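# Geometric and topological summary
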Amino acid sequence: MPKRVGVLALQGDFREHIETLNEIEGVEARLAKTQESIEACDALVIPGGESTTIGKLMKRFGLDEPVREMAEAGKPIFGTCAGMIVLAREIVGSEQWRLGLMDITVERNAFGRQVDSFEVDLPVKGIEEPVRAIFIRAPYVREAREECGVEVLATFEDRIVLCRQGNLLASAFHPELTDDRRLQRYFLEMIGN
Ligand code: GLN
């Protein structure tokens with residue numbers, strides 16, 4: 001049975017996620033924008049884009065509950081960039097709507113205006129060679145509550161940019177924009193664990 005991975009398709013670069021996931025053998029990636037399509041998934045990706053818009057639409061279309069239920073059922077959810085912000089419990093200086101599923105505090109647009117976007121080779125815990133990471137108006141995790149089970153998997157310049165809490169994974173960068181599929185594979189291995 002292929003692994004059915006939904007990509008939340010409300011706003012942002014969900015198409016790139018679908019394409020890169022479908023390159024991986026044994027994966028069937030599909031758009032998720034209804035309750036039914038979310039419930040039919042083994043795992044879900046919340047893509048990069050604009051976190052305020054994604055949050056607003058998620059709430060408006062009543063997709064927040066199905067996503068919460070997925071999380072409670074132990075199905076893996078991967079938030080990338082804006083998706084990381086939507087997963088966070090706290091967002092510095094913002095009251096914007098969020099799922100609040102991960103015990104992390106994020107700061108939006110945290111790398112300054114001058115360096116809107118940049119690429120680095122990022123050492124990641126659990127992956128042998130560094131992962132190529134593209135940051136675009138990226139957030140970072142200011143606080144990861146390790147006492148709640150949040151595990152830091154990567155930092156860049158002392159800032160947390162990749163972390164995991166059980167079945168939830170969050171990256172400040174965009175794994176769907178490189179040729180490197182190792183982080184997606186890491187995520188897929190979380191299915192059924
Ligand atoms: N800056 C965006 C936000 O705060 C995130 C950017 C991205 O997803 N590339 O929602």
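Above: the structure in question.
The structure presented is a predicted model; accordingly, all values stated were derived computationally and were not measured.

Conventions adopted
Residues numbered from 1 in each chain as written. Predicted model: local features only at pLDDT ≥ 70, side-chain atom pairs only at ≥ 80, totals over all residues. Heavy atoms only, no water. Phe/Tyr/Trp six-rings, centres within 6.5 Å; stacked < 30°, edge-to-face > 60°. Helix = DSSP H or I, 4+ residues; strand = E, 2+ residues; numbered from the N terminus. Buried < 20%, exposed > 50% of the residue type's maximum accessible area, 1.4 Å probe, protein only. Lys NZ or Arg CZ within 6 Å of the ring centre and 35° of its normal. Near = heavy atom within 4 Å. Polar contact = N/O pair within 3.5 Å; in protein donor to acceptor, adjacent residues only side chain to side chain. Areas by Shrake-Rupley, 256 points an atom, 1.4 Å probe, with all protein chains shown as cover. Nonpolar A, V, L, I, M, F, W, Y, C, P; charged D, E, K, R; others polar. Salt bridge = Lys/Arg side-chain N within 4 Å of Asp/Glu carboxyl O. Core = buried A, V, L, I, M, F, W, Y, C linked by side-chain atoms within 4.5 Å. Contact = heavy atoms within 4.5 Å.

## Some details on the packing of aromatic side chains
Taken as a whole, this structure holds nine aromatic pairs when the rule is applied. A ring pair is formed by F111 and F156, whose centres lie 6.2 Å apart and whose planes are at 45°; its orientation type is tilted. Of this pair, F111 sits in the loop between strand 6 (102–107) and strand 7 (117–122) while F156 sits in strand 10 (residues 150–156), and the two are 45 residues apart along the sequence. Across this residue pair, the class does not change: F111 and F156 are buried. An aromatic cluster of at least three residues, connected via ring pairs, comprises F111, F118, F135, Y140, F156 and F173. Directly above the ring of F111 sits R159, whose terminal nitrogen or CZ lies 5.2 Å from the centroid. Across from the ring centre of Y140, 4.4 Å away, lies the NZ or CZ of R159, which sits over that ring.

## Considerations on the site of the ligand
Around the ligand sit G48, G49, E50, S51, C81, A82, I85, R108, N109, I136, R137 and H174, and those are all the residues in its vicinity. Within the backbone of S51, an N or O atom sits 2.6 Å from an oxygen atom of the ligand. Interatomic distance of 3.0 Å between a backbone N/O atom of R137 and a nitrogen atom of the ligand. Burial of the ligand by the protein chains amounts to 98% of its free accessible area of 300 Å². The residue inventory of the shell around the ligand, partitioned by class, reads four nonpolar, five polar and three charged.

## Details of the pattern of salt bridges
Counted under the stated rule, the structure contains 13 salt bridges. Note that D42 is salt-bridged to R4, the shortest N-O span being 2.8 Å. Of this pair, D42 sits in the loop between helix 2 (35–39) and strand 3 (43–46) while R4 sits in strand 1 (residues 3–8), and the two are 38 residues apart along the sequence. Taking the relative accessible area as the measure of exposure, D42 reaches 18% and is therefore buried. Looking at R4, the relative accessible area reads 25%, which means it is partly exposed. A salt bridge links R132 to D121; the shortest N-O distance between them is 3.1 Å.

## Observations regarding the nonpolar core
Membership of the largest hydrophobic core comes to 71 residues, with the highest contact counts inside it found for I46, M58, I77, I104, F111, F135 and V161. Element by element, the count of residues in this core is highest for helix 5 (residues 82–87), at five residues. Among residues more than four places away in sequence, those in contact with I77 are L44, I46, V67, M70, A71, L87, N167, L168, L169 and F187.

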